[in-house]
Amino acid sequence: LELYRGLGSVHGVASVLGHLGRARLELGDREQAMETLAEGLVQGQLSGNKWYVVQALEGMAAVATASRQWERAARLFGAVEALAEASGFAVHPADRTLNERYLARVRDQLDESTFASAWEAGTQLSLDGAVAEAIEILSPPDRGVSPSSPSDPAQAAGLTAREVEVLTLLAQGMSDREIANALYLSPRTVGGHVSSILAKLDVETRTAAAVLAVRRGLI
């Protein structure tokens with residue numbers, strides 16, 4: 001992951017994050033897995049590669065299972081199956097084995113009718129809809145924008161033009177120092193912008209900010 005970050009390869013970063021997130025979940029680190037996979041969703045979308053997004057969605061479905069969000073897990077697994085089939089992707093056998101193990105837990109917790117309904121709802125989700133479903137695990141609910149609010153999403157969130165620049169680079173996985181170098185700012189100034197961004201978006205982590213930025217069209 002660090003090698004790809006150093007090369008500035010969004011595709012490389014996106015491809016690794018899905019696998020790393022699954023590995024962290026298998027090691028029992030659900031919080032780190034969730035953060036990693038959420039970043040995978042962001043980087044997958046930035047890369048324009050649907051398969052990277054689907055891989056991260058598989059992981060988020062497993063996270064939903066581990067978080068005991070049974071119906072959401074069923075919807076996400078249904079979405080993964082439908083999106084993979086529609087795109088002509090083949091779910092890797094090792095991933096399918098993992099998915100089946102988590103699905104067995106979901107089936108044990110839901111009655112047949114509820115599971116079937118959630119699965120069917122998932123198969124009807126678009127890629128963007130499935131991503132929105134997945135990041136609900138991580139991000140706070142949208143508060144909505146009042147009719148009198150600015151039409152520009154970034155302006156509605158109260159972000160300055162400089163904060164949007166910082167947020168865009170943050171979503172690409174850059175550190176404060178790397179952002180500072182790119183924008184000709186001091187790391188301390190960038191750190192201040194990042195703190196302001198987190199406060200305005202009402203999130204606690206950089207990953208959550210990146211996920212919300214993509215979801216709301218802020219970058």
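Here is a short report on the structure shown in this document. Being a predicted model, the structure only gives us computed values, none of them experimental. (Residues numbered from 1 in each chain as written. Predicted model: local features only at pLDDT ≥ 70, side-chain atom pairs only at ≥ 80, totals over all residues. Heavy atoms only, no water.)

## Brief notes about the overall build of the chain
Each helix and strand counted, the chain has 13 helices and 0 strands in total. Taken over the C-alpha trace, the chain has a radius of gyration of 18 Å; the compact-globule value for 219 residues is 17 Å, and the two agree within 12%. Based on the C-alpha atoms only, the size of the chain along its principal axes is roughly 55 × 45 × 30 Å. Considering the chain as a whole, with its 219 residues, one finds that 45% of them fall into the buried category. In the chain, once contacts between residues fewer than 6 apart in sequence are set aside, the share between residues at least 24 apart is 67%. Each charge class in the chain was averaged separately, 20 positive and 27 negative side chains, and the resulting centres sit 5 Å apart. (Helix = DSSP H or I, 4+ residues; strand = E, 2+ residues; numbered from the N terminus. Rg over C-alpha atoms; globule rule 2.2 N^0.38 Å. Buried < 20%, exposed > 50% of the residue type's maximum accessible area, 1.4 Å probe, protein only. Contact = heavy atoms within 4.5 Å. Lys, Arg positive; Asp, Glu negative; His and termini not counted. Charge placed at Lys NZ, Arg CZ, Asp CG, Glu CD.)

## Remarks on the pattern of salt bridges
Within this structure, the stated rule accounts for 10 salt bridges. Among the salt bridges present, the one from Glu2 reaches Arg5, with a minimum N-O distance of 3.9 Å. Of this pair, Glu2 and Arg5 both sit in helix H1 (residues 2-7), 3 residues apart, which is roughly one turn of the helix. You can call Glu2 exposed: its relative accessible area is 59%. With a closest N to O distance of 2.7 Å, Asp176 and Arg206 form a salt bridge. Residue Asp176 is found in helix H11 (residues 176-183), and its partner Arg206 is found in helix H13 (residues 206-216); the two are separated by 30 residues along the sequence. The class for Asp176 is partly exposed, based on a relative accessible area of 24%. Judged by relative accessible area, Arg206 falls into the partly exposed class, the value being 29%. Connected through shared salt-bridge partners, Glu2, Arg5 and Glu39 make up one network. (Salt bridge = Lys/Arg side-chain N within 4 Å of Asp/Glu carboxyl O.)

## A closer look at the packing of aromatic side chains
As enumerated under the stated definition, the model contains 2 aromatic pairs in all. Aromatic side chains Trp51 and Phe89 sit 4.9 Å apart centroid to centroid with 50° between the ring planes, which places their arrangement in the tilted category. Of this pair, Trp51 sits in helix H4 (residues 50-66) while Phe89 sits in the loop between helix H5 (70-87) and helix H6 (93-109); the two residues are 38 residues apart in sequence, bridging distant segments of the chain. The class for Phe89 is partly exposed, based on a relative accessible area of 29%. (Phe/Tyr/Trp six-rings, centres within 6.5 Å; stacked < 30°, edge-to-face > 60°.)

## Thoughts on the packing of H5 against helix H7 (residues 112-123)
Between H5 and H7, the shortest axis-to-axis distance is 7 Å and the interhelical angle comes to 45°. Judged on the interaxial angle alone, H7 and H5 are oblique. Judged by the sense of rotation from one axis to the other, the crossing of H5 with H7 is right-handed. Each of Glu71, Ala74, Arg75, Phe77, Gly78, Ala79, Glu81 and Ala82 in H5 lies in contact with H7, whose residues at this interface are Thr114, Phe115, Ala118, Trp119, Ala121, Gly122 and Thr123. (Axes fitted to C-alpha atoms, helices over the stretch in contact; angles between N-to-C directions. Parallel < 35°, antiparallel > 145°, perpendicular 65-115°, else oblique. Left-handed = near helix turned anticlockwise from the far one by under 90°.)

## A look at the packing of H5 against H6
Close contact between H5 and H6 brings their axes to 10 Å; oriented N to C, the two are set at 145°. Relative to H6, H5 is oriented so that their crossing is left-handed. Taken together, the residues of H6 that come into contact with H5 (itself represented by Trp70, Ala73, Ala74, Phe77 and Glu81) are Arg96, Asn99, Tyr102, Leu103, Arg105, Val106 and Gln109.

## So, the environment of Val13
In this fold, Val13 is placed in helix H2 (residues 10-26). Val13 gets classed as buried once you look at its relative accessible area, which sits at 3%. For the pair formed by Val13 and Arg96, sequence separation is 83 residues and the distance between their alpha carbons is 22 Å. Not counting residues within four places of it along the chain, the set of residues in contact with Val13 comprises Leu1, Tyr4, Arg5 and Gln43.

## A word on the side chain of Glu39
Structurally, Glu39 can be placed in helix H3 (residues 30-47). Its relative accessible area of 13% is what places Glu39 among the buried residues. For Glu39, the residues in contact, after removing those within four places along its chain, are Arg5, Leu17, Gly173 and Thr207.

## A short note on the nonpolar core
Among the nonpolar cores identified, the biggest contains 63 residues, and Leu41, Leu57, Leu167 and Leu201 are the most heavily contacted of them. Here Leu57 is in contact with Leu41, Leu76, Val80, Leu83, Leu127, Ala130, Val131 and Ala134, once residues within four sequence places are set aside. (Core = buried A, V, L, I, M, F, W, Y, C linked by side-chain atoms within 4.5 Å.)

## So, unusual backbone geometry
The backbone of Arg68 shows a phi angle near 65°, a positive value even though the residue is not glycine. Tracing the backbone shows Arg68 in the loop between H4 and H5. Residue Arg68 is classed as exposed on the basis of its relative accessible area of 57%. Although it is not a glycine, Tyr184 adopts a positive phi angle of roughly 60°.

Shape descriptors only; they carry no functional weight alone.
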